[in-house]
Amino acid sequence: MHINYWRELTRSNFGKLGLVLLCLVLVIAIFAPFLARYDPGEPSLSILMPPSFAHLLGTNDIGQDIWSRLLCGAKNTLLVALGVGVFTTLLSTVIGASAALVGGLYDRILMRVIDALIVIPAFIVIILVAAYVLPNVWTLIFLISILTWQGGARLVRAQTLSLKERMSVYAARTFGANKLYLVIRHIIPDLSPILFAVFIHSATRGVFMEAGLAFLGIADISTVSWGLMMHHALRFYYLDVWKWWLIPTGLALSVTIMALVFIGHAFETAMDPRLRKMEQEDWQC
Amino acid sequence: MLELRELEVSYGKRKVLHGINLNLKRGESLAIVGGSGGGKTTLGLSIMGLVEGTIRGEILLDGKNLVAVPEKALRKIRWNQIAMVFQNVENALNPVYTVLDQVSEPIVAHNLRDRYDAKRRAEELMKMVNLPEGRFLAYPHQLSGGEKQRVLIAMALANDPDLIIMDEPTTALDALTKVEIINLIRNMCNERELTILLLTHDLYAASMLSDRMAVLYAGRILESGFTPALLSNPRHPYTRGLIRCYPNMTTTKDLQGIKGMMDFLDTGCPFHPRCTQSIGICREKAPKLEENDGRFIACHRGGIIPLLEVREVSKTFDSVKAIDSIDLTLYEGETLALVGESGSGKTTTAKTVIGLFEATEGQMYLEGERILGRDKNFYQSVQMIFQNPMEALSHRLSVQEAVREPLDIQKQGNREQRESMVRHILEEVELPSTQSFMNKYPHQLSQGEAQRVGIARALILNPKLLIADEPTSALDASTQAKVVKLLLNLQEKRGIGMLFITHNLALARKISDRLAVMLKGNIVEEGPSNELISSPLHPYTKDLLKAAPTLSANVLVVPTNNKNDGQGCPYANRCSKATEVCFKEKPKLRSCSSHRVACMNLKPEKEE
């Protein structure tokens with residue numbers, strides 16, 4: 001069945017909202033250096049200031065401008081989203097698709113490995129690892145990806161198994177196509193909706209986990225991360241700072257995650273005929 | 001009695017006959033068949049010594065070389081030893097004399113009898129050819145075509161010749177008159193031991209009147225042999241083409257022509273521009289008429305070649321035998337229809353041949369060479385049309401991209417060449433080659449259009465073998481008719497050998513030269529389509545024929561009984577004639593008349 005996914009995405013309200021929000025975060029991340037008035041990492045003598053014209057959201061305990069840190073934190077969040085998304089999708093594709101295409105013992109071994117890995121709680125493993133190395137943003141991306149690709153790989157494998165039995169793939173074989181051609185020209189393009197879904201899903205999870213870990217204090221102190229900001233803000237819960245320190249940061253994080261979730265939801269609706277039908281019926285009511 | 005040795009006739013610079021060698025025994029009848037303009041009449045006239053061109057070679061009549069005989073002596077031989085029934089009845093008779101006068105003329109002219117006796121003799125002859133008595137004194141324009149033909153035959157018989165050359169004696173006649181004339185000639189032959197050289201393009205007359213047959217094309221004999229064998233199993237592509245385009249009640253396949261026009265060529269095989277299996281040497285050297293398995297054939301490739309041979313191929317899925325040691329041969333330019341109910345292994349056979357499945361046992365040969373690995377070259381000569389066109393086309397590829405895909409994979413030509421090939425092939429399958437159509441995606445096409453795109457994809461590599469797996473079962477009847485016609489036309493043009501898989505026997509009979517009936521992975525009967533349809537031997541084929549669509553309502557009871565233990569004849573549980581042996585032992589495919597059939601009860605059935 002031929003579906004124009006982009007059109008389906010922009011047609012649904014959730015999809016539109018998600019895209020707008022994500023664009024907003026993206027614009028902020030890109031223009032942060034121009035919008036921020038202070039260096040987000042630069043401490044100053046004016047600590048724990050309430051919002052004023054000079055500091056729109058006040059300053060934190062070591063005198064850094066919270067507004068500037070909020071703006072720059074977007075970059076970190078999106079980097080994690082993109083990094084985890086790309087890396088996880090890549091791992092899932094390579095492992096899932098190769099298992100489906102090669103089959104046999106290779107497939108069976110990989111599937112059992114996935115079964116084993118899927119029970120490992122990623123969060124706890126990362127906390128344990130962090131006890132030895134304090135992860136910077138790249139190690140974090142790597143750790144999250146390496147611990148969460150299994151679900152995606154299963155999805156990709158299932159889809160590839162069905163794709164390789166398609167008549168159009170058989171037809172290409174009767175023209176003399178080799179395996180590489182089939183993978184590049186037929187299987188990967190037809191996998192792309194699934195891959196996009198895996199990407200969005202893992203990006204969302206990546207953002208969530210990074211924020212969660214940072215909130216628990218597992219992050220390089222020098223990174224400008226929303227999770228880390230909330231971690232610090234909570235230490236001064238007895239002051240009024242949560243109003244301009246904790247809430248805006250939490251909101252920013254929520255908006256980003258919501259944007260991703262909305263896009264994912266709209267996309268899933270477009271892909272799943274059953275969901276699509278329910279949606280259409282809702283519209284008619 | 002008559003022998004032609006290296007006979008060559010040319011009109012000026014144009015050579016009309018090339019190296020003809022023929023041998024005709026006394027009492028024998030030989031038909032020279034071929035399209036018009038092939039040199040048949042020139043051959044007849046040159047034996048009579050009436051040809052206006054230059055003759056080289058020898059024409060031996062009872063050992064005497066007629067070419068060397070001077071005109072005066074030749075006149076004595078003419079009509080006394082060799083007579084001719086001329087073509088074109090309308091002009092052969094003189095309009096100002098009565099037919100009686102004209103029949104007696106050769107007798108008088110040769111001073112055999114006096115005028116009175118000659119007339120009595122002429123009357124006798126005319127009675128013998130069944131001309132009504134009141135017509136003896138009629139003028140030619142008062143006679144019908146059939147009567148004029150009788151007069152001409154009487155005239156040829158006038159001086160009791162040994163050899164009669166008949167040039168198209170039946171061509172212009174209606175069916176019943178034709179049969180009368182044919183019977184007349186047959187009776188005469190039986191009574192008088194006449195030797196007949198029949199020149200005709202009418203295969204029916206040739207089959208009725210001749211013992212042997214030679215096929216003449218552009219001044220060369222391409223094939224010769226005994227008439228029934230030659231007609232039922234033509235082995236030169238031209239002979240097959242002649243038979244295919246001759247409308248008759250025996251053939252069930254639609255009429256098919258021969259591509260191109262006849263042309264007299266100085267070099268190479270005269271048929272090569274129209275031949276679908278010609279190779280390099282065919283253009284350079286004319287083939288010699290050589291004996292090959294009881295037949296004389298002039299072809300560099302030894303006649304129609306077997307394109308695909310499947311030998312004892314089996315395919316097993318886990319423990320299920322999907323196909324069980326099947327044997328098939330598909331000749332160049334031929335359609336072999338594989339029919340049978342669903343689940344009988346037809347598609348498995350197709351996919352095993354094309355290489356989507358690996359055969360468990362057995363060998364396959366393409367143009368005589370064993371198929372070992374299937375590389376890009378293999379797929380250039382073997383292609384497949386899939387059952388469901390919508391599924392076989394990727395939904396992401398536009399028509400243009402889909403049709404170009406085989407070329408992309410095979411890396412043929414540059415982009416522009418590929419695109420022009422795509423446009424050309426789209427026109428060939430009768431689809432628009434406009435940009436707007438080529439930009440369409442499969443879901444924007446109708447079923448018929450999509451299947452044509454599928455056919456275009458299969459044909460763009462110019463394959464020799466096309467495997468069509470139920471190519472029309474997803475289409476409605478009118479679209480099916482168009483697609484089938486298209487395939488037959490392409491076969492005519494390119495000589496594609498087609499393995500046509502269908503469950504529709506009525507369709508198979510219209511498009512196939514041969515039929516193979518499959519049941520539970522076995523071929524139970526195989527033979528020429530017309531014979532298999534008209535006289536099926538296997539009970540399963542009979543039941544299939546009963547179930548084939550007709551336009552008259554009849555209630556059909558097909559036996560169903562499902563206790564089958566897997567051994568024995570695959571049809572035993574449904575066969576009305578099954579005996580105990582049928583459940584125990586599996587019958588082998590045996591030759592039986594022109595079919596091959598696998599049935600235990602065959603012999604008792606024949607005795608009935």
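Here the structure is a predicted model, which is why all the values come from computation and not from measurement. (Residues numbered from 1 in each chain as written. Chains lettered and ligands numbered in written order. Predicted model: local features only at pLDDT ≥ 70, side-chain atom pairs only at ≥ 80, totals over all residues. Heavy atoms only, no water.)

Trainee: If you had to explain the confidence of the model for chain B to someone new, which residues and values would you point to?
Mentor: Residue-level pLDDT values for chain B average 86, and 97% of them are 70 or greater. Within the model, the stretch residues 604–608 of chain B combines pLDDT values under 50 with 4 contacts to residues more than four positions away or in other chains. (pLDDT = per-residue confidence, 0-100. Contact = heavy atoms within 4.5 Å.)

Trainee: Which residues make up the state of the cysteines, and what values do they have?
Mentor: Residue and element names in this part refer to chain B. For the coordinates displayed, the defined rule picks out 0 disulfides over all chains. Of the cysteine sulfurs around Cys 245, a residue in no disulfide, the closest is that of Cys 275, at 14 Å. Judged by relative accessible area, which is 33%, Cys 245 ranks as partly exposed. Free cysteine: Cys 575, not disulfide-bonded; nearest cysteine sulfur from Cys 599 at 6.2 Å. (Disulfide = S-S within 2.5 Å. Buried < 20%, exposed > 50% of the residue type's maximum accessible area, 1.4 Å probe, protein only.)

Trainee: Describe in detail the domain arrangement of chain B, supporting the description with residues and values.
Mentor: Residues and elements named next belong to chain B. Per the domain assignment, the segments of chain B are domain 1 (1–75 + 199–204 + 212–304) and domain 2 (306–515). One C-alpha centre belongs to domain 1, the other to domain 2, and the line joining them spans 36 Å. The interface is formed by 13 residues belonging to domain 1 together with 20 residues belonging to domain 2. Taking both partners together, domain 1 and domain 2 bury about 1300 Å²; carbon and sulfur atoms supply 39% of that area. Counting the surface domain 1 buries against domain 2, the share from its top three residues, Lys 253, Asp 254 and Thr 276, is 38%. Run the count over domain 1 and domain 2 and you get 6 salt bridges. Summed over the shared surface of domain 1 and domain 2, the result is 15 residue pairs in polar contact (both at pLDDT 80 or more). A class-by-class count of the residues in the side of domain 1 that touches domain 2 yields 2 nonpolar, 5 polar and 6 charged. (Domains from an automatic or database assignment. Buried area = accessible area lost by both parts, 1.4 Å probe. Salt bridge = Lys/Arg side-chain N within 4 Å of Asp/Glu carboxyl O. Polar contact = N/O pair within 3.5 Å; in protein donor to acceptor, adjacent residues only side chain to side chain. Nonpolar A, V, L, I, M, F, W, Y, C, P; charged D, E, K, R; others polar.)

Trainee: I'd like a description of the sheet that holds strand β12 (residues 295–297) of chain B, backed by residues and values.
Mentor: All names here are of chain B. The sheet built from 8 strands is open, its strands ordered β6-β7-β8-β3-β9-β10-β12-β11 with mixed pairing. The sheet is open, and its two borders are formed by β6 (82–85) and β11 (290–292), each paired with just one other strand. Each adjacent strand pair in this sheet contributes to an overall mean axis angle of 20°, direction not counted. Contacting β3 (29–33), β9 (212–217) and β10 (220–226), helix α10 (residues 237–244) crosses the sheet at an angle of about 100° to β9. (Pairing = 2+ DSSP bridges. Helix = DSSP H or I, 4+ residues; strand = E, 2+ residues; numbered from the N terminus. Axes fitted to C-alpha atoms, helices over the stretch in contact; angles between N-to-C directions.)

Trainee: Go over the environment of Arg185(A), please, and point to the residues and values.
Mentor: Residue placement: Arg185(A) occurs in helix α9 (residues 179–215). Accessibility expressed as a relative area gives 38% for Arg185(A), which makes it partly exposed.

Trainee: Quick rundown of the packing of helix α3 (residues 66–102) of chain A against helix α6 (residues 137–148) of chain A? Include the residues and the values.
Mentor: Residue and element names in this part refer to chain A. Packing of α3 against α6 brings their axes to within 9 Å, and their N-to-C directions diverge by 35°. Judged by the sense of rotation from one axis to the other, the crossing of α3 with α6 is right-handed. Residues Asn 76, Leu 79, Val 80, Gly 83, Val 84, Phe 87, Thr 88 and Leu 91 of α3 form the contact with α6, whose participating residues are Val 137, Trp 138, Ile 141, Phe 142, Ile 144, Ser 145, Ile 146 and Thr 148. A class-by-class count of the residues in the contact of α3 with α6 yields 11 nonpolar, 5 polar and no charged. (Left-handed = near helix turned anticlockwise from the far one by under 90°.)

Trainee: An account of the confidence of the model for chain A is needed here, citing residue identities and associated values.
Mentor: When pLDDT is averaged across chain A, the result is 85; 95% of the residues are at 70 or more. Here helix α12 (residues 273–284) of chain A stands out as the least confident element of chain A, with mean pLDDT 63; helix α4 (residues 104–118) of chain A is the most confident, with 92.

Trainee: Outline the layout of surface pockets, supporting the account with residue identities and numerical values.
Mentor: Empty space left among the atoms is revealed by rolling a probe the size of a water molecule over them. Residue and element names in this part refer to chain B. Of the volumes computed, that of the largest pocket is approximately 1200 Å³. Along the wall of the largest pocket there are 44 residues; nearest its centre are Leu 231, Ser 232, Asn 233, Pro 234 and Pro 528. Taken together, the elements giving at least two residues each to the lining of the largest pocket come down to α8 (203–209), α9 (227–232), α10, β13 (306–317), β14 (320–331), β22 (522–528), α21 (529–534) and β24 (595–597). Looking at which element gives the most residues to the lining of the largest pocket, the answer is β14, with 4 residues. For the lining of the largest pocket, the class distribution of residues is 12 nonpolar, 18 polar and 14 charged. Structurally, the lining of the largest pocket is a two-domain feature, drawing no fewer than three residues from each of domain 1 (1–75 + 199–204 + 212–304) and domain 2 (306–515). (1 Å grid on protein atoms, 1.4 Å probe; cavity = no way out; pocket = protein on both sides within 12 Å on 5 of 7 lines; lining within 4 Å. Points joined across faces, edges and corners; volume = space filled by probe spheres on them.)

Trainee: Give me the lowdown on a nonpolar patch on the surface, citing residues and values where you can.
Mentor: There is a patch of nonpolar side chains on the surface, built from Ile127(A), Phe215(A), Leu216(A), Leu234(A), Tyr237(A), Tyr238(A) and Leu239(A) and spanning about 680 Å² of accessible area. Structurally, Phe215(A) can be placed in helix α9. (Patch = residues over 30% accessible without salt bridge, like charges linked within 9 Å, V, L, I, M, F, W, Y side chains within 5 Å. Areas by Shrake-Rupley, 256 points an atom, 1.4 Å probe, with all protein chains shown as cover.)

Trainee: Explain the packing of aromatic side chains residue by residue, including any values.
Mentor: To describe a pair of aromatic rings, you give the distance between the ring centres and the angle between the ring planes. All names here are of chain B. Per the stated rule, a full pass over the model turns up 12 aromatic pairs over all chains. Ring centres of Tyr 238 and Phe 271 lie 5.2 Å apart, and the angle between their planes is 65°; this geometry places the pair in the edge-to-face category. Taken as a pair, Tyr 238 in helix α10 and Phe 271 in the loop between α10 and α11 (280–284) lie far apart in primary sequence, 33 residues in all. This pair shows no difference in class: Tyr 238 is buried, exactly as Phe 271 is. (Phe/Tyr/Trp six-rings, centres within 6.5 Å; stacked < 30°, edge-to-face > 60°.)

Trainee: Account for the interface of chain B and chain A, naming residues and giving values.
Mentor: Taken residue by residue, the interface counts 22 residues in chain B and 18 residues in chain A. For the pair chain B and chain A, the summed buried surface comes to about 2000 Å²; carbon and sulfur atoms form 60% of the total. At the boundary of chain B with chain A, the tally comes to 1 salt bridge. Arg396(B) is the partner of Asp190(A) in a salt bridge, and the nearest nitrogen-oxygen pair spans 2.8 Å. Sorting the residues of the side of chain B that touches chain A by element identifies α12 (346–354), α13 (376–381), β18 (382–385), α14 (389–392) and α15 (399–410) of chain B as the ones contributing at least two each. The element that contributes the greatest number of residues to the side of chain B that touches chain A is α15(B), accounting for 4 residues. Split by residue class, the side of chain B that touches chain A holds 10 nonpolar, 6 polar and 6 charged.

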